[in-house]
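# Secondary and tertiary structure notes
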Amino acid sequence: MKKPLSEKIIEGFIHISAAMAIVSLVLIFVFIGKEALPMLTSHEVREEVTVTQMVLPQSPEPGEPKEFSWQPVSRVPKYSLMPLFVGTVKVTVVALLFAIPLSIMAALFTSEFAPSWVRESIKPVIELLAGIPSVVLGFFALIVMATYIQNWFNMDFRLNTLTAGIALGLAVIPIVYTVSEDALSAVPQSYREGALALGATPWQTAWRVVLPSAAPGIFAACVLGFGRAIGETMIVLMASGNAPVMDLSIGYPFRSLSATIAAELGEVVRGSGHYHVLFFIGVLLFIFTFLINFSGQLFVDRLKEKMAGTK
Amino acid sequence: MNNISKIETKALDLFYGHFQALKNIHVSIPPQKITAFIGPSGCGKSTLLRAYNRMNDLIKGVKVTGEVLLDGKNIYSSKMKLISLRKRVGMVFQRPNPFPISTYENVAFGPRIHGITNREQLDNIVETSLKATGMWKDVKDKLQISALALAPEQQQRLCISRLLAVEPEVLLMDEPCSALDPIATAKIEELILELKKCLTVVIVTHNMQQAARVSDYSAFMLLGDLVEFGETKEVFTNPKDKRTQDYITGRFG
């Protein structure tokens, strides 16, 4: 059968739209990669900074003890990525530890226990939280939360990992909540009936049947939350204290990879070693997110296969 | 008819909002027999079945009056604990609904939620329950594989095993074969006949041959009324009510 012209035009348009999304993703990677590549290839840049210097501890002056330090504009520039990396991991872990249990419990509550009017009001409100600009959340963390958290936990620093992590968690909650809630609501009613008919309490039904049945969707929600947390810039930039301290304590200020790019790219000398390092950080972030998403997807697929018994 | 009854239904009315789904039902389900509820769609037979383990409670706007006595105790009284009621009165649904976890865990689910944690004891229960439904030899080597990989008939058997694991006294079956092919249906029917040795079975079916084949007693329902109840042989060969006769001979339904 011959397709009418209008059909062809619409189909073509949809194809182009889909292709655009993929092409722009690839182009972003290519252009960031192009700016990061001199780190490995350009002799000039490598005079200034090498990958080894970014990873291994360095002595700032001959004879001084080796250390991890990020001071790209000091007299002797120091380019260790380790403090930034540790900071990013720290804040992401805090944010996820705060946001994931809270979001999943909230999702379980709304999908399994809440009366329908509560459910219909909670869900849009939490989803609205996703619409709050991150600069507003950052501002809130910087001005309000930081004071309280410092007092409650008796911290030495006003801006610290815990504050930034919780603020970041606020940005993660809506994503994890929404996707988890959808996954829980999609669990067939017959599973609930089956469990209740065996004499399970509503809580046992929710915890032992509904939650495991929704596990792939909930795990996917967590992966999305991770992507949001590791890439989020503004909240971390405002609430972290921005000190590239190499320390694992959650009471210390820190600086994240993403905040470093945001804070320094505007003032860097174009084409300098520092400039290329910042793009290199961008590539690293890109790769982290990609790897986590990819392995997360693999895990979700395996989980689904296991549940369907097809493997 | 039998003097003792496992489930005695007295003046049971059930409303979904303003719609009356069951009208003044009186019926005695005899112990260790198979009782079939038959009737056209929407006659209330599933609703009556679900009233026996209070599954209707899940639906919004349900109102029940009258009594359902299980061994003489009203299950709608505030003293009756829902959990123990449903443990005693299990239910098999139209579509097999195993949980998306392993076969073993499906059967162990009931005992676990009722507090059994000893591994050896659970192993025993799982084996006994699966043997009781005749599927042990087929699944004993793949207990850890997801139950969703089983064929529909095996899934339905598993759902029955899952119930047997909590040692119910009554088994309610809501068209347990409607999602199965004829061969699987025959096998499940065989199993049902086997089960009545130790259980009271109430089965809702659309299939009148099935009711005639498996049941000892039959109840014919129409538009929320219980029209006729008696020994299956009697109901099918010598119905007292004109409407029963019309339905059985296929004049409507």
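Up top you'll find the structure we're talking about.
Keep in mind that this is a model prediction, so the values were computed, not measured.

Turning our attention to the nonpolar core. Ranked by size, the top nonpolar core spans 101 residues in total, and within it Val277(A), Ile281(A) and Leu171(B) carry the most contacts. Looking at this core element by element, the count peaks at 13 residues for helix 8 (residues 161-185) of chain A. If near-sequence neighbours (up to four positions away) are discounted, Leu171(B) is found in contact with Gly90(B), Val92(B), Ile160(B), Leu163(B), Leu195(B), Leu199(B), Thr200(B), Val201(B) and Val202(B). In terms of nonpolar packing, the next biggest core, distinct from the first, is built from 34 residues, Ile29(B), Val89(B), Leu172(B) and Ala219(B) among them.

Right, let's talk about a nonpolar patch on the surface for a bit. A cluster of nonpolar residues, Phe139(A), Phe140(A), Ile143(A), Val144(A), Tyr148(A), Trp152(A) and Phe153(A), forms a patch on the protein surface that exposes about 770 Å² of accessible area. With respect to the secondary-structure elements, Val144(A) resides in helix 7 (residues 134-153).

We now examine the interface of chain B and chain A. Between chain B and chain A, the contact holds 27 residues from the first and 20 residues from the second. If you sort the residues of chain B by the area they bury against chain A, Pro100(B), Phe109(B) and Ile113(B) come out on top, with a joint share of 27%. Where chain B packs against chain A, one counts 1 salt bridge. Along the contact surface separating chain B from chain A lie 6 residue pairs in polar contact (both at pLDDT 80 or more). Every element with two or more residues in the side of chain B that touches chain A is listed here: helix 2 (82-88), strand 6 (89-92), helix 3 (103-113) and helix 6 (152-164) of chain B. Among the residues making up the side of chain B that touches chain A, the classes are represented as 16 nonpolar, 5 polar and 6 charged.

With that settled, consider the sheet that holds strand 3 (residues 34-38) of chain B. Residue and element names in this part refer to chain B. With respect to topology, 6 strands assemble into an open sheet ordered 6-7-8-3-9-10, the strand pairing being mixed. Both outer strands of the open sheet, strand 6 and strand 10 (225-231), are each paired with one neighbouring strand and no more. Strand-to-strand twist across the sheet, computed as the mean angle between neighbouring axes with direction ignored, equals 15 degrees. With 5 bridges joining them, strand 7 (residues 170-174) and strand 8 (residues 200-204) adopt parallel strand pairing. In the strand pairing of strand 8, Asp 174 is matched with Val 204. Along the sheet, helix 6 contacts strand 6 and strand 7; its crossing angle with strand 6, the most-contacted strand, is approximately 170 degrees.

This paragraph deals with the side chain of Arg255(A). Residue and element names in this part refer to chain A. In this structure, Arg 255 sits in the loop between helix 12 (234-239) and helix 13 (257-264). Within the structure, Arg 255 has its side chain in polar contact with the side chain of Glu 264 (distance 2.4 Å). The contact partners of Arg 255, leaving out residues within four places of it in the chain, are Trp 70, Pro 83, Leu 84, Gly 87, Thr 88, Asn 242, Ala 243, Pro 244, Thr 260 and Glu 264.

Two measures describe an aromatic ring pair: the distance that separates the ring centres and the angle between the ring planes. Counted under the stated rule, the structure contains 15 aromatic pairs over all chains. Between Tyr217(B) and Phe229(B) the ring centres are 6.0 Å apart and the planes differ by 15 degrees, which places this aromatic pair in the stacked class. With Tyr217(B) in strand 9 (residues 217-222) and Phe229(B) in strand 10, the pair connects residues that are 12 residues apart, well separated along the chain. Exposure remark for Tyr217(B): the relative accessible area of 8% places this residue in the buried category. Since its relative accessible area comes to 17%, Phe229(B) is described here as buried. An aromatic cluster of at least three residues, connected via ring pairs, comprises Phe113(A), Trp203(A) and Trp207(A). The lysine or arginine in question, Lys63(B), covers the ring of Phe15(B), its NZ or CZ lying 5.0 Å from the ring centre. When the ring centre of Phe99(B) is taken as origin, the NZ or CZ atom of Arg162(B), which lies over that ring, is 4.2 Å away.

Residues and elements named next belong to chain B. On the secondary structure map, Met 221 appears in strand 9. Accessibility expressed as a relative area gives 0% for Met 221, which makes it buried. Once residues within four sequence positions are removed from consideration, Met 221 is found in contact with Leu 22, Ile 25, Ile 38, Gly 39, Pro 40, Cys 43, Gly 44, Lys 45, Leu 48, Leu 226 and Val 227.

Moving on, we come to the packing of helix 10 (residues 202-213) of chain A against helix 11 (residues 215-231) of chain A. All names here are of chain A. At a closest axis distance of 5 Å, the pairing of helix 10 and helix 11 adopts a crossing angle of 65 degrees. Taken together, the axis directions place helix 10 and helix 11 in an arrangement best described as roughly perpendicular. Mapping the contact onto sequence places Leu 211, Pro 212 and Ser 213 in helix 10 and Ala 215, Pro 216 and Ile 218 in helix 11. Class assignment for the residues of the contact of helix 10 with helix 11 results in 5 nonpolar, 1 polar and no charged.

Moving on: the pattern of salt bridges. By the definition in use, this model includes 24 salt bridges over all chains. For the salt bridge of Glu11(A) with Lys3(A), the shortest nitrogen-to-oxygen distance reads 3.3 Å. A salt bridge links Arg213(B) to Glu189(B), with the shortest nitrogen-to-oxygen separation between them at 2.7 Å. Highlighted residues: Arg213(B) in helix 8 (residues 208-214) and Glu189(B) in helix 7 (residues 182-195), separated in sequence by 24 residues.

Residue and element names in this part refer to chain B. If you check helix 7, its first and last C-alpha atoms are 20 Å apart, about what 14 residues at 1.5 Å a residue would give, namely 20 Å. Taken as a whole, helix 7 has its buried residues at Ala 184, Thr 185, Ile 188, Glu 189, Leu 191, Ile 192 and Leu 195. The arc that holds the buried residues of helix 7, viewed along the axis, is 160 degrees, so those residues lie on one side. For helix 7, the exposed residues lying more than 90 degrees away from the buried face are Pro 182, Ile 183 and Glu 190. Buried positions along helix 7 lie against strand 3, helix 4 (119-132), helix 6, strand 7, strand 8 and helix 8. With a side-chain oxygen positioned 3.0 Å from the backbone nitrogen of Ile 183, the residue opening helix 7 is Asp 181.

With that settled, the discussion passes to the packing of helix 3 of chain B against helix 6 of chain B. Residues and elements named next belong to chain B. One can describe the packing of helix 3 onto helix 6 by two numbers: an axis separation of 7 Å at closest approach and a directional angle of 35 degrees. The handedness of the crossing between helix 3 and helix 6 is right-handed. For the pair helix 3 and helix 6, contact is made by Thr 103, Asn 106 and Val 107 and by Leu 158, Ser 161 and Arg 162, respectively. Class assignment for the residues of the contact of helix 3 with helix 6 results in 2 nonpolar, 3 polar and 1 charged.

It is worth spelling out helix 4 of chain B at this point. Residue and element names in this part refer to chain B. Look at helix 4: 20 Å from first C-alpha to last across 14 residues, which is about the 20 Å you get at 1.5 Å a residue. Buried within helix 4 we find Leu 122, Ile 125, Val 126, Ser 129 and Leu 130. One side of helix 4 holds all its buried residues, which, seen down the axis, span an arc of 120 degrees. Facing away from the buried side of helix 4, by more than 90 degrees, are the exposed residues Glu 120 and Thr 128. Its side-chain oxygen 2.8 Å from the backbone nitrogen of Glu 120, Asn 118 forms the N-cap of helix 4. Among the residues trailing helix 4, Gly 134 stands out with phi positive, at a value near 70 degrees.

Calculation criteria
Residues numbered from 1 in each chain as written. Chains lettered and ligands numbered in written order. Predicted model: local features only at pLDDT ≥ 70, side-chain atom pairs only at ≥ 80, totals over all residues. Heavy atoms only, no water. Core = buried A, V, L, I, M, F, W, Y, C linked by side-chain atoms within 4.5 Å. Buried < 20%, exposed > 50% of the residue type's maximum accessible area, 1.4 Å probe, protein only. Helix = DSSP H or I, 4+ residues; strand = E, 2+ residues; numbered from the N terminus. Contact = heavy atoms within 4.5 Å. Patch = residues over 30% accessible without salt bridge, like charges linked within 9 Å, V, L, I, M, F, W, Y side chains within 5 Å. Areas by Shrake-Rupley, 256 points an atom, 1.4 Å probe, with all protein chains shown as cover. Salt bridge = Lys/Arg side-chain N within 4 Å of Asp/Glu carboxyl O. Buried area = accessible area lost by both parts, 1.4 Å probe. Polar contact = N/O pair within 3.5 Å; in protein donor to acceptor, adjacent residues only side chain to side chain. Nonpolar A, V, L, I, M, F, W, Y, C, P; charged D, E, K, R; others polar. Pairing = 2+ DSSP bridges. Axes fitted to C-alpha atoms, helices over the stretch in contact; angles between N-to-C directions. Phe/Tyr/Trp six-rings, centres within 6.5 Å; stacked < 30°, edge-to-face > 60°. Lys NZ or Arg CZ within 6 Å of the ring centre and 35° of its normal. Parallel < 35°, antiparallel > 145°, perpendicular 65-115°, else oblique. Expected span 1.5 Å × (residues − 1). Arc of directions from axis to C-beta. Left-handed = near helix turned anticlockwise from the far one by under 90°.

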